[in-house]
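The lines below spell out each chain.
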Amino acid sequence: MKDDTNEVKLLMAGEAGLVVEFEAVISPEINGLVQQLMKLLKHNTLAGIIEVVPTYKSVTIYFDPLLTTRVRLTQLIEQLLCKIEPLETKCLAARTVHVPVCYGGVFGPDLEFVARYAGMAPQEVINLHTAKPYLVYMLGFTPGFPYLGGMSELIAVPRQEKPRTKVPAGSVGIGGNQTGVYPIESPGEWWLIGRTPLKTFQPASDDPFLISAGDYLQFYAISIEDYFTIRREVESGNYLPKVSQIS
Amino acid sequence: MITTIHPGHFTTVQDSGRWGYQAYGMPIAGAMDRYAMQVANLLTGNSPKAAVLEMTAEGAAFRFDQEQLAAVCGAQMQGKVNGEPVSNWSSFVVPKSGELRFETAAKGYRTYLAVRGGIDVPVVLGSRSTCTRARVGGYEGRTLRQGDVLYVGEDCDFPAAAVQVEAAYIPAYTGAFVLRVLLGPQQNMFSREVIEKFFKSTYAVTNQIDRIGYWLKGPKVVHLDKADIVSDAMWPGAIQIPSNGMPFIMMADHQTTGGFAKIGSVIGADLPKLAQARPGDTIRFCSIEEEEAIQALQAEQQCYAAIKHTVFL
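Just so you know, these numbers come straight off a predicted model, no measurement behind them. (Residues numbered from 1 in each chain as written. Chains lettered and ligands numbered in written order. Predicted model: local features only at pLDDT ≥ 70, side-chain atom pairs only at ≥ 80, totals over all residues.)

J.: Can you help me understand the pairing of strand β9 (residues 171–175) of chain A in this one?
T.: Within a regular strand, the side chains alternate between the two sheet faces. Residue and element names in this part refer to chain A. In terms of residue burial, β9 counts as a mostly covered element, since four of its five residues are buried. Here β9 runs beside strand β10 (residues 178–181); their pairing, made up of four bridges, is antiparallel. Each residue of the ladder has a partner; that of G173, found in β10, is G180. Between β9 and the antiparallel strand that follows it, β10, lie two residues; G176 among them carries a positive phi value of about 60°. (Buried ≥ 20, exposed ≤ 12 C-beta atoms within 10 Å, placed from the backbone. Helix = DSSP H or I, 4+ residues; strand = E, 2+ residues; numbered from the N terminus. Pairing = 2+ DSSP bridges.)

Here you go:
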């Protein structure tokens, strides 16, 4: 990565943290750099690195300063930054996780409101919401909560002023120009348009998180009958999430 | 077997934390005061990974069905075994069918009870720590309730007998804390004058001091421009300055990501002090260099080694 290396900042996150910050913007290109560095760090680790956390535009490395040093870590990062392809998103083989959603009704009590706000029929909201896969920029807020990018501005709605104190797990919502799915019951200020029967966070499972940063997430509409069929399969552990590879 | 007779105000099972899942939005959790937790584990000959009970503000009470070596460290919540006082920062034997009862914290805020072998709850994502917000780990992902039964594990490293920690290794919870801080990563979002004022000011601990973080009150820390950043990672000790200008310091259960400027970070060795601060206590910040933070970590390790030496002769 020749031209962009100068833009990368290595910042202090206490004595046990190092933030590698690419340009501070939300874009698939910048997040592609984050994902590339994550992959490189997976295969080029250093004794003393505890864990690595990707966000929109940065990678934070947690390390034990009694086992390694910031100097050594910085050397590793500088080596890896040289291997990063500048602003190239296509080089990453990403997964697309397909997430079924039962829109409207009791599961999506705010679908009508979103449709009215957007000046379209509820079905059009569903069509736009399922029109394309969304990039998972990062996870945060609660375990397994994806920050997705790419939702149509046509269905953007300002967040609710008073957050709901309890949003049920699996709820799919819209807040501003963002959309996402709530992995656990939590407070939330987004408008709820549907619910998935999938559990995106299963702490007792061998594979506790359905979605990872760098994945794509594709919502698709299902009927309420399908919701309960899939839910039963999920509960009994027989449901295999649909995952496809983009290369 | 340990039965909860009285749950206290907010008692949870904690260990050294659930590391490795922040990339998925999973908080680290773990003991708020790692020093008191580790010393309690050392006093019982436990492995540093053993789980303990963290009591908050108001102590709990337990009945032990077997004779049990236990240790208590942290806030001064006078403990009594069958009505007889036991010293804080010591280990002692609770007899078969004995009752161990703790009072309200007189000094400090969080007390750690270790039992030899550790508290045995299921390991979830590599840790026994409770994260109540995610309902994960510990005892069913929640605080203890009356009647909850806990089992003792086998997380021991070395033999141990009843001992008292030397005064030199016992922190004083004076109510006026000085926390050492490393600047960054967003110190450039504040003027030099504002940063100087931040280090000269005294802040008060508010009553919003849960396991997620500590809200402080005092002179406003004014941003040069706006308060928000493109969301990025947070870590224990990170001092977020939201738009209201009041410092919010991240603690064990903090969200993994956040969207406000972080002026600096409280160093790891000083986080145990903050975990013992109570509403109304005062906080001052002191700017240091990285080298001093690392020396403080080394000093902490030396304390553990010395205490282990007194326990395991």
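After presenting the structure, the write-up continues.
J.: Looking at this model, I keep getting lost on the nonpolar core. Mind explaining?
T.: One broad trend across soluble globular proteins is that nonpolar side chains are buried collectively. Residues and elements named next belong to chain B. Residues V39, A40, V52, A70, Y112 and A114 are the most contacted members of the largest nonpolar core, which totals 159 residues. Here the element with the most residues in this core is helix α1 (residues 34–43); it accounts for seven residues. Discounting chain neighbours no more than four positions away, the residues touching V39 are C73, W89, V165 and I307. (Core = buried A, V, L, I, M, F, W, Y, C linked by C-beta atoms within 7 Å. Contact = placed C-beta atoms within 7 Å.)

J.: For this particular structure, what's the right way to read the sheet that holds strand β3 (residues 49–54) of chain A?
T.: Residues and elements named next belong to chain A. On the basis of which strands lie adjacent, the open sheet formed by four strands has the order β1-β2-β4-β3 and antiparallel pairing. The open sheet has two edge strands with one neighbour each: β1 (9–12) and β3. The sheet shows a mean angle of 20° between the axes of neighbouring strands, taken without regard to direction. Those strands touched by helix α1 (residues 28–43) are β2 (17–21), β3 and β4 (58–63), and its axis lies near 160° from that of β3. Of the strands in this sheet, β1, β2 and β4 are in contact with helix α2 (residues 70–82), which crosses β2 at around 25°. (Axes fitted to C-alpha atoms, helices over the stretch in contact; angles between N-to-C directions.)

J.: Looking at this model, I keep getting lost on the interface of chain B and chain A. Mind explaining?
T.: When the parts come together, some accessible area is lost, and that loss is often what is quoted as the size of the interface. With 35 residues of chain B in contact, the opposing surface of chain A contributes 39 residues. Of all the secondary structure elements, the ones that give two or more residues to the side of chain B that touches chain A are β13 (176–183), β16 (228–233), β19 (257–266) and α4 (290–311) of chain B. Tallying contributions element by element places α4(B) first for the side of chain B that touches chain A, with six residues. Its residues assigned to classes, the side of chain B that touches chain A shows 19 nonpolar, 13 polar and three charged. (Nonpolar A, V, L, I, M, F, W, Y, C, P; charged D, E, K, R; others polar.)

J.: Explain the environment of A:A169 here, please?
T.: All names here are of chain A. Checked against the element boundaries, A169 lands in the loop between β8 (164–167) and β9. Since 18 C-beta atoms lie within 10 Å of it, A169 is described here as partly exposed. Expressed as a C-alpha distance, the spacing of A169 and T200, which sit 31 residues apart in the sequence, is 8.8 Å.

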